[in-house]
Amino acid sequence: MSNVFIIGGAGNIGRYLCQYLARHGHVARPLHRRPEQAETLRALGAEPVQGDLLHLDVNALTTLIQGSDAVVFTAGAGGKGGEAMTNAIDGEGLEKAVKAAQRAGVQRFLLVSAFPEAARGKALSETFETYMRVKKAADVTLAASTLAWVIVRPGTLTDDPGSGQVQAGLAIPYGNIPREDVAKFLAALIDQPAVNRVIIELTAGTTPIAHAVAAFA
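Residues numbered from 1 in each chain as written. Predicted model: local features only at pLDDT ≥ 70, side-chain atom pairs only at ≥ 80, totals over all residues. Heavy atoms only, no water.

A.B. asks: Describe the sheet that holds strand β1 (residues 3-7), with residues and values.
C.D. replies: Taken in spatial order, the nine strands make up an open sheet running β3-β2-β1-β4-β5-β6-β10-β8-β11, and their pairing is mixed. Since the sheet does not close on itself, it has two edges, and those belong to β3 (49-50) and β11 (207-208), each with one partner. Of the strand pairs in this sheet, strand β2 (residues 27-32) and β3 are connected by two bridges, and their pairing is parallel. When the sheet's bridge partners are listed, L31 is paired in β3 with V49. (Pairing = 2+ DSSP bridges. Helix = DSSP H or I, 4+ residues; strand = E, 2+ residues; numbered from the N terminus.)

A.B. asks: Break down the side chain of T74 for me, with residues and values.
C.D. replies: Relative to the elements of secondary structure, T74 occurs in the loop between β4 (70-73) and α4 (82-103). With sequence-adjacent residues up to four places away left out, T74 is seen in contact with I6, I7, G8, I13, G14 and V112. (Contact = heavy atoms within 4.5 Å.)

A.B. asks: Explain the pairing of β4 to me, and be specific about the residues and the numbers.
C.D. replies: With burial as the criterion, each face of β4 is covered, one bearing A70 and V72 and the other bearing V71 and F73. In the sheet, β1 pairs with β4 via four bridges, with the strands oriented parallel. Of the residues in β4, the one forming a bridge with I7 is F73. (Buried < 20%, exposed > 50% of the residue type's maximum accessible area, 1.4 Å probe, protein only.)

A.B. asks: Hey, could you go over helix α1 (residues 12-23) for me, with residue numbers and the actual values?
C.D. replies: The end-to-end C-alpha distance of α1 is 17 Å, a good match for the 16 Å that twelve residues give at a rise of 1.5 Å each. Buried within α1 we find I13, G14, L17, C18, Y20 and L21. Next to the buried residues of α1 lie β1, β2, α2 (37-43), β4, β7 (156-158) and α6 (179-190). Positive backbone phi, at 85°, marks G25, one or two positions downstream of α1. (Expected span 1.5 Å × (residues − 1).)

A.B. asks: Residue-level account of α4, with values.
C.D. replies: One turn of an α-helix holds 3.6 residues; hence residues three or four places apart share an orientation. Across its 22 residues, α4 extends 31 Å between first and last C-alpha, which sits within 8% of the 32 Å expected from 1.5 Å per residue. Burial in α4 covers these residues: T86, A88, I89, D90, G91, G93, L94, K96, A97, V98, A100 and A101.

A.B. asks: I'd love a proper account of the packing of helix α3 (residues 58-65) against α4, names of residues and values included.
C.D. replies: Across the interface, α3 lies against α4 with an axial gap of 8 Å and an inter-helix angle of 55°. For the element pair α3 / α4, the angle class is oblique. Here the hand of the crossing between α3 and α4 comes out right-handed. Every residue of α4 that contacts α3 at V58, N59, L61, T62 and I65 is listed here: K96, A97, K99, A100, A101 and R103. Looking at side-chain class alone, the contact of α3 with α4 contains six nonpolar, two polar and three charged residues. (Axes fitted to C-alpha atoms, helices over the stretch in contact; angles between N-to-C directions. Parallel < 35°, antiparallel > 145°, perpendicular 65-115°, else oblique. Left-handed = near helix turned anticlockwise from the far one by under 90°. Nonpolar A, V, L, I, M, F, W, Y, C, P; charged D, E, K, R; others polar.)

A.B. asks: Kindly report on the pairing of β2, identifying the contributing residues and their values.
C.D. replies: In terms of residue burial, β2 counts as a mostly covered element, since six of its six residues are buried. Burial along β2 is two-sided: the face carrying V27, R29 and L31 and the face carrying A28, P30 and H32 are both buried. Pairing analysis gives five bridges linking β1 to β2, with the strands arranged parallel. Bridge assignment links I7 to a residue of β2, and that residue is L31. Handedness of the crossover joining β1 and β2 through α1: right-handed. Traced from β2 through α2 to β3, the parallel crossover comes out right-handed. (Right-handed = clockwise from strand over helix to strand, strands pointing away.)

Written out as structure tokens, the structure reads:
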């Protein structure tokens, strides 16, 4: 059983992850900003932790993370709030979380990043270009840390029901993937601590998630 601290735990992927972790006997501790989110998270089997990533400093975040076996960072501005919010959450927020995890003595850190070809073929705004730049910088920050990290780069996220099957690799063709399957993949990674210091690209596919994760062990 692992104690998993989830930054972005009240988001779409975070809620799915709480559910799957609890179902498999793990303790899911999602960080949430609004008090009313706690009841929904508890109903999923999680132990919610109230706090705002934007306002927590490294020391405060370290205190909240203390005692965790792993940290999952699935927070993101999602294009809202412009460049300032993207920098604050996807960039500075990730840097803060990495420092806090190291100070708290956490060994494992999983980051949901972005597929390099995200939004390929579409007209991209300056905000989106900033998003991709910040995401890459966050990957660099985590990869340079002393943590046992895994960076997951999902394709375009959809709200379709998860199939439980994916395509995962170091470099794969671009595609879509349901948020539910990203969460299932993260939960499977928690069960495979031998998978570390690897960047995994992830889309919908035909390989059962457990087999796809085990291939990296």
